[in-house]
Amino acid sequence: MNSNILSWKEAWKRCIDTGYANCFDMDPLIQKSWSRCLEKNMQPNKVNKEHVLTETTLRERIERNSLLLKATHFTIEKHYSYLKGSNSVVFLVDPDGYIIYVIGDSMILYETKRVNLIKGANWSEHIQGTNGIGTALIENKPVRIVSAQHYCSPLHFLSCYGAPIYDSQGRIVAVLDITIPAKQDNPYILPMVTALANLIQNNYLLFQRCDDQIKSEAKFSILQSQFIDTVNNIGIINGQYFKPNILKIMNHKANSLFADEERRIFFSSSKKMENNAQDFPESNDLSFTSIIGQSPAIRSCITIASKAARSNATVLLLGETGTGKEEFARCIHHASLRNSGPFIPINCAAIPHSLAESELFGYDDGAFTGAKKGGQPGKFELANRGTIFLDEIGDMPLSIQSTLLRVLQDRCLHRVGSSNSINVDVRVIAATNKNLQLEVDAGNFRQDLFYRLNVISINIPPLRERDDDLFLIIQHFLNKSNKYFQLSPAVEKIFRNYSWPGNVRELHNVLERVMNLADGNYILPSHLPPDITSRKQKQLDLSNLKSMEHVMIRNALRQCHGNVSKAAGILGISRNTLYRKIKRLGIAEDI
């Protein structure tokens, strides 16, 4: 453990034991704060969880601070890429000490909720003791509170950096706080928090003066230089142009950092500190942060999707229902050069066959009985200069597949009832939970369309094959609640052994249920739906002949990448026999 943290723990224990906050080498700011806490007879071993706003009063307080929150959203959105993934959480607190804004990484959010660092909670010093929020409010200046400098011992695992935000009259309107684990503490983080607070303050004042009419990009181009100038005083790393992760950069010794006339950030090399950070080259992965997971399978999918986003190539997303295919499609769109254009999703399985062509390609005036006067554009026209997402492409009628193929080849379409061609500039992302090669072999899907769609394919793994990600995803969903929840060991065991046939979508629905049914913070098996608690574990019963047959056929098809003829040869049966077994066992839908 860091020697400074150890010395602070000793000083804190001496203060609590003696009732005096006097030490010759103590930071005067901490000494004054501890003295105030002692005078108020505050409990040093307990966080105060009583001062939390009701949902109604929190909403009222948020509405009163709407302009400030707008400035905060604007600023943090522009700079959050520097913080994302650094195990940090950002708080905005009003002048009364109530948290009104929270954003951060899943794991640290989980830990901070345990100590009542949640939206609506009051973190004034007279309620929670010495902390980066309340002490900044009292001292009226930026403060850094590290580990055992917190008066309440449950906070000793954190380091907090708070900086005030002022109005045009010099009155405090808020405090911006960034909190990280104490083991990541670094004094250079405080100037960064102060710089962000200044940016929020300037945006807030601009919003006030200009009645919300200032253009976002104009403000950003002016204020970005201020942030760079401030960070320039801290220094650091690696001689490339890229967007750095500030908190991880803080693991390097200060050296030199500056921005050129194009406002690109440039770094020169420096020796790293003991807690080595890695270099962070520029990447589109920041657009994929909504996809939770660290397992090799999902990271591989994100890598392929990130590279696919740089081109206009057609992407085919494969995976079972509920694995997150649309989430991947949206991330690819937002990471691409088409992100300013529309993203148009359409479920091919949900369109009646008789309306599929007009829905996709539009229709002209008088094309059919009941047609809207003047006609109507189809989804492809609406997606012009953007992305169209064809979900459940395996269920598209054969009659429409030929028209779709022509549109993909010629990049133009004809509305139903019209002979005029319309040029379209559309990026196509398709998705299916079917094995399209099997559908081609069975005559249900055009082979030429399959080849046209299967340019970049991404096979998204089911949740049961992502054991390392299960509880990361669970924690991510739980963190969205303003209430702290904890899974009981029994529930963890049930979740770990359940096969999750509905994948991430099913998990999300189950968690939403338990968060609404749980009486307190502890989630018990009684809160789970019966079909989960009664369902057998995810391993198939291999003593059952049908299960063994199921496993053998699936393994053969996977080994042959869906080629039925080759799989039949491995299994020693005819191709027609294998087709019958596939249909009987329901395998074709979920390979």
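Refer to the structure presented above.
Parameters and conventions
- Residues numbered from 1 in each chain as written.
- Predicted model: local features only at pLDDT ≥ 70, side-chain atom pairs only at ≥ 80, totals over all residues.
- Heavy atoms only, no water.
- Helix = DSSP H or I, 4+ residues; strand = E, 2+ residues; numbered from the N terminus.
- Buried < 20%, exposed > 50% of the residue type's maximum accessible area, 1.4 Å probe, protein only.
- Polar contact = N/O pair within 3.5 Å; in protein donor to acceptor, adjacent residues only side chain to side chain.
- Contact = heavy atoms within 4.5 Å.
- Arc of directions from axis to C-beta.
- Axes fitted to C-alpha atoms, helices over the stretch in contact; angles between N-to-C directions.
- Parallel < 35°, antiparallel > 145°, perpendicular 65-115°, else oblique.
- Left-handed = near helix turned anticlockwise from the far one by under 90°.
- Core = buried A, V, L, I, M, F, W, Y, C linked by side-chain atoms within 4.5 Å.
- Pairing = 2+ DSSP bridges.
- Phe/Tyr/Trp six-rings, centres within 6.5 Å; stacked < 30°, edge-to-face > 60°.

1. Structural notes on the side chain of D94
- Take D94: it is sitting in the loop between β1 (89–93) and β2 (99–104).
- Residue classification places D94 among the buried residues on the basis of a relative accessible area of 1%.
- A polar side-chain atom of D94 sits 3.0 Å from the main-chain amide nitrogen of D96.
- For D94, the contacting residues outside a window of four places in its chain are R61, N65, I100, L137, V173 and A174.

2. Considering helix α23 (residues 564–571)
- Looking at α23, one finds that the buried residues are V564, A567 and A568. All buried residues of α23 fall inside an arc of 100° around its axis, so they share one side. Those residues of α23 that are exposed and aimed more than 90 degrees away from the buried face are K566 and G569.
- The N-capping residue of α23, defined by a side-chain oxygen 3.1 Å from the backbone nitrogen of S565, is N563.

3. Here's the deal with the packing of helix α18 (residues 470–479) against helix α19 (residues 489–497)
- Close contact between α18 and α19 brings their axes to 11 Å; oriented N to C, the two are set at 120°. If you check the angle between α18 and α19, you find them oblique. Helix-helix and strand crossings are classified by hand; for α18 and α19 the assignment is right-handed. Counting all contacts with α18, which are made through L470, F471 and I474, the residues of α19 involved are E492, F495 and R496.

4. Notes on the nonpolar core
- Ranked by size, the top nonpolar core spans 38 residues in total, and within it W8, W34, L117, W123 and Y151 carry the most contacts.
- Breaking this core down by element, the ones donating at least two residues are α1 (3–18), α2 (28–39), β1, α5 (106–114), α7 (134–139), β3 (143–146), β4 (158–166) and β5 (172–181).
- Sort the elements by how many residues they give to this core and α2 lands first, with five residues.
- When residues no more than four places from it in sequence are discounted, the contact partners of Y151 are W12, I16, W34, C37, L38, M42, Q43, P44, G129 and T130.
- In terms of nonpolar packing, the next biggest core, distinct from the first, is built from 31 residues, L316, C348, L360 and I388 among them.

5. As for the sheet that holds strand β9 (residues 343–347)
- Strand order in the open sheet formed by five strands is β9-β10-β13-β8-β14, with parallel pairing between adjacent strands. The open sheet terminates on both sides in strands that have one partner only, identified here as β9 and β14 (456–459). Taking the axes of each pair of neighbouring strands and ignoring which way they run, one obtains an average angle of 15° across the sheet.
- Examined bridge by bridge, strand β8 (residues 315–318) and β14 share four bridges and lie parallel to one another. Residue pairing in the sheet places V315 in a bridge with I456 of β14.
- The strands touched by helix α11 (residues 296–308) are β8, β13 (426–432) and β14; relative to β14, the strand with the most contacts, the crossing angle is about 155°.

6. A short note on the packing of aromatic side chains
- As enumerated under the stated definition, the model contains six aromatic pairs in all.
- Relative to Y451, the ring of F450 has its centre 5.7 Å away and its plane inclined at 45°; by these criteria the two rings are tilted.
- By relative accessible area, which is 9% here, F450 ends up buried.
- When its relative accessible area of 51% is taken as the criterion, Y451 is described as exposed.
- A centroid spacing of 5.3 Å and a plane angle of 65° characterise the contact between F495 and W500, whose relative ring orientation is edge-to-face.
- Its relative accessible area of 1% is what places W500 among the buried residues.
- Among the aromatic residues, those joined into a cluster by ring pairs are F495, Y498 and W500.

The analysis is restricted to geometry; functional conclusions fall outside its scope.
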